[in-house]
Amino acid sequence: MVNRSRTLVALVGAMSALTVTFQLSPEAVAITRTEIPGLSPTAPVLVLGPDTTVLDGNASPTWYAMAEAYDSGTATAPTRPVFGGYVTHTDGNGYSTPSQLVSANRGLTFSPTSQEGYEASTRLDDGRVIQGEFLGQTSVTLQQRTIKMRYSDNDGATFPTEVTASLTIAPQTFIHPTANFFPNSMVQLPGGPLLMAGYGILDNGSGTGVGTALLMQSSDGGASWTLRSTIAQGSTTRGFSETAIALTSNGQLLAVSRSSSYDNLWERRSTTLGSTWTTAPQGIPEFATDPSGNRPFGRINPRLALLPNGILALVAGRPDNHIALSYDGTGNTWDVKKNFYHNHDTANPQDMNEGSSANADFAWTEANRAVLLADTCHAVRYQGVNYNKCTWHGNTMSDGVYDYQIKRVMADVLTADTGKIDLASKMSAGTVSLGGDLGTAVPGHPRTGNRGAVDGSNEAWSSAVRSGGGGTFDITLDRTYTLSKVGLSLAIGGAESATVQTRVNPTDPWSTWYTTTQTSYALRYSTGLAPRSARYVRVLTGTSSVCPTGVAAPCSLLNEVELYASDVDSFENDPVNGIPRGYSVDYTVGNDGVGHQGVWASQSTSGSGSSRVARIVDDSDDHLPALRRTEAASSLKTVEFRFHPDQWRPEGQGSASAFLFGVLATPVGGARQVAYHLAIWHDGTVKFHDGSEWRDLGAGRALDPSTSCTGGCIWNTIRVRATTTQAVVSVNGTVIGTATRFDRGSSSLVGHQFSASSTADAAESFVVDDIYTSTS
């Protein structure tokens, strides 16, 4: 092995933010080190993870991905299973009953079940889930069909009840007794009718069949259906088929349809919940074909959903599988579009007759996260012969997959700002408490109660509810924060007012911070609020114009509340497995040509009191994983963080194991400078480096360094209050000593950083969370 220093002064090298190359020895390959910034914390963003195979059908047709998800569990133990699906027939050769995959961990892994896969479903006002079936329809007249409706009373897990419903499309007419209605999408209007979008081959008035998208309505929970309106009337030049509908953040009904010409997706908008439409169907400008004829977004099987954080997502495919986001939740503009899975002909990427069928789907799993499903290969029947579109012409597929598989991609759908306080996890950990008179659970709806307002869902039955008038919802935080933003979702589909008040101490009078009157479909965030120091927060809710089924009027609801702080980095609104926004990390390409980063926002260790943490893992003897943030220069800086060691380096495998942290000084000549260089040793002692040697802070062990998580992980809180000449260090609220500067200077302080202990050694893993900073 190349001889390298094993000093614990590993973070201190005056490496600038530029790429730096080290030649280890004449025979060694050069090592390249680069500092990589995370995304901006002040702008919304879409971050896609890698694709993973969740089902391998091998040579058996396995295509047309489906995804549905519904809140389940209880307010104290909320879950959201994802019900994936796929078909096993060959396209153009009949229809198979869909098969199912289920994820119990919010889309991370899936397992096959014996249940039927499904799509075209929604939650009813009474809490049941309804699903419309394509198979099993019968023709009564050319204007009427019977259609099967299935009902679930366990959040979509099973559908033991089936009803044969009537479906009447008059004054429209089916072209033939065998031309059935294809249900695509359902929406329950709060306190109103149930809507179902779909399509059929209809008579255009001259005996010619044209694909037409319809909006059906039911006032009896799906037992009977009539035509509410025509979404997109087909013609001999352009037919319409698969159609998605969703209520947008401003309460409008948006419909997006596939056309027979593959020239675009076509949208239509209604301010009367589908009774009338504002304009004729229009192609979506952001998805228009470019001058070279390339299609920048999918053309078939659109799927829509409004996430709890108020961002509207659209998935469609062919060619490839795509997702687009409307950050304001209205769908008036699509701010970002990305390809999330491709398996196309490498010689002709726009050829829609090769590779994936691009019938994709998605379901949101958290307020800011969704799971995307797609297939790899399309099974088709052509001229009486069954084919796999990945192999039928012998072309090279872009993902290198030639068998039938279902792929999964996780999408982080993030709003602006990163200081989101995880109220639910902190309440579970006992560091945050909720109170007020909105906490009574509604019988038969286990996700209601105080915790229903902090569970990250915009489902109506995941709310804090009160019958009898306006309500009060109190939050006692784990510390005083500088609150910067609040998000509120009140009564879903009902007009309601709310006032947010704060105070620092329990004896202080309440002070109004924010007021709003809104009709909610998801969270709406405050804008332009002056920051407010607070440990106690109260939300006063007015009476709603709509009360949930079984809740007597007058009623008041708080569907969801989010709090953001400008002085804490909580990682709750950061991309999982990505660089925390607002931070930078070091990246090394080792002498073996392998890249190493070792720092990412991670789903939490048990007992952390939050659902996201920053993880630092050293798995390379070429790389020192480090997490760093720079801020405005100040003569006084306080940095506080929670720390848990997952793994200390075993004795005998290198230098003594330690977790390094520090405060940065003003750069000199563009090179980074460290003002205070500190470490938590594997034995629980805390040390600082004075520029010459490591010195103890306090006498003996300052904290429990255990990596055990039996019964919950052990976390310690470290606080550094630094001036330009010295830093006072506290552990779990107790001052243990004062550190002098590492650089022996007196320049201003400009940030903080964390890292493993040694470039030359590995086998360390640490977690940090709730990084609090201030200039006081």
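Everything numeric here is computed off the predicted structure, so don't read it as measured data.

Calculation notes
- Residues numbered from 1 in each chain as written.
- Predicted model: local features only at pLDDT ≥ 70, side-chain atom pairs only at ≥ 80, totals over all residues.
- Heavy atoms only, no water.
- Helix = DSSP H or I, 4+ residues; strand = E, 2+ residues; numbered from the N terminus.
- Rg over C-alpha atoms; globule rule 2.2 N^0.38 Å.
- Buried < 20%, exposed > 50% of the residue type's maximum accessible area, 1.4 Å probe, protein only.
- Contact = heavy atoms within 4.5 Å.
- Areas by Shrake-Rupley, 256 points an atom, 1.4 Å probe, with all protein chains shown as cover.
- Lys, Arg positive; Asp, Glu negative; His and termini not counted.
- Charge placed at Lys NZ, Arg CZ, Asp CG, Glu CD.
- Disulfide = S-S within 2.5 Å.
- Core = buried A, V, L, I, M, F, W, Y, C linked by side-chain atoms within 4.5 Å.
- Pairing = 2+ DSSP bridges.
- Axes fitted to C-alpha atoms, helices over the stretch in contact; angles between N-to-C directions.
- pLDDT = per-residue confidence, 0-100.

Trainee: Teacher, can you tell me more about the overall build of the protein chain here?
Mentor: Looking only at helices and strands, one finds one helix and 57 strands in the protein chain. For the protein chain, the C-alpha radius of gyration of 29 Å lies close to 28 Å, the compact-globule estimate for 776 residues. Its C-alpha atoms put the protein chain at 90 × 70 × 45 Å along the principal axes. Here the protein chain, with 776 residues, has 57% of them falling under the buried criterion. Within the protein chain, counting contacts between residues at least 6 apart in sequence, those at least 24 apart form 65% of the total. As displayed, the protein chain has an accessible area near 27,500 Å², and 49% of this comes from carbon and sulfur atoms. Considering the protein chain, the positive charge centre built from 54 side chains and the negative charge centre built from 69 side chains are found 4 Å apart.

Trainee: Before we go on, may I ask you to explain the state of the cysteines in this structure?
Mentor: Here, the word disulfide means a covalent bond between the sulfur atoms of two cysteines. Applying the stated criterion across every chain, the model contains three disulfides. Disulfide pairing places cysteine 377 opposite cysteine 390 at an S-S distance of 2.1 Å. Residues cysteine 377 and cysteine 390 are joined through a disulfide that is left-handed, its torsion about the S-S bond being -105°. Of the two residues, cysteine 377 is situated in the loop between strand 29 (369–375) and strand 30 (379–382) and cysteine 390 in the loop between strand 31 (385–388) and strand 32 (404–414); the sequence distance between them amounts to 13 residues.

Trainee: Would you mind showing me how to read the nonpolar core here?
Mentor: One broad trend across soluble globular proteins is that nonpolar side chains are buried collectively. Counting 39 residues, the largest nonpolar core has Phe641, Phe659, Phe661, Leu678, Ile680 and Phe754 as the members making the most contacts within it. Those residues in contact with phenylalanine 659 that lie beyond four places of it in its chain are Ile616, Phe641, Phe643, Trp648, Leu678, Ala679, Ile680, Phe754, Ser755, Phe766 and Val768. Listed in part, the 32 residues of the second largest apolar core include Ile231, Phe240, Leu247 and Trp334.

Trainee: Even after reading the chapter, I still don't get the side chain of serine 730, so can you show me in this structure?
Mentor: For serine 730, the location among the structural elements is in strand 54 (residues 726–731). Overall, serine 730 belongs to the buried group, its relative accessible area being 10%. In this structure serine 730 touches Thr717, Ile718, Arg719, Val735 and Ile736, once residues within four positions along its chain are discounted.

Trainee: For this particular structure, what's the right way to read the sheet that holds strand 9 (residues 99–103)?
Mentor: Within a sheet, adjacent strands bond to each other through the backbone by hydrogen bonds, running parallel or antiparallel. The strand order 5-8-9-10 describes an open sheet built from four strands, whose pairing is antiparallel. Each end of this open sheet is capped by a strand with a single partner; those strands are strand 5 (63–69) and strand 10 (111–116). Put simply, the sheet's adjacent strands are angled 30° from each other on average, direction ignored. Where strand 5 meets strand 8 (residues 82–87), five bridges bridge the pair, whose relative direction is antiparallel. Within strand 8, the residue paired with methionine 66 across the bridge is glycine 85.

Trainee: For this particular structure, what's the right way to read the confidence of the model for the protein chain?
Mentor: Close inspection of predicted coordinates is inappropriate for parts of the model with low pLDDT. Here the protein chain averages 94 in pLDDT, and 96% of its residues register 70 or above. Note on residues 1–29: pLDDT under 50 across the span, and 77 contacts to partners over four residues away in sequence or across chains.

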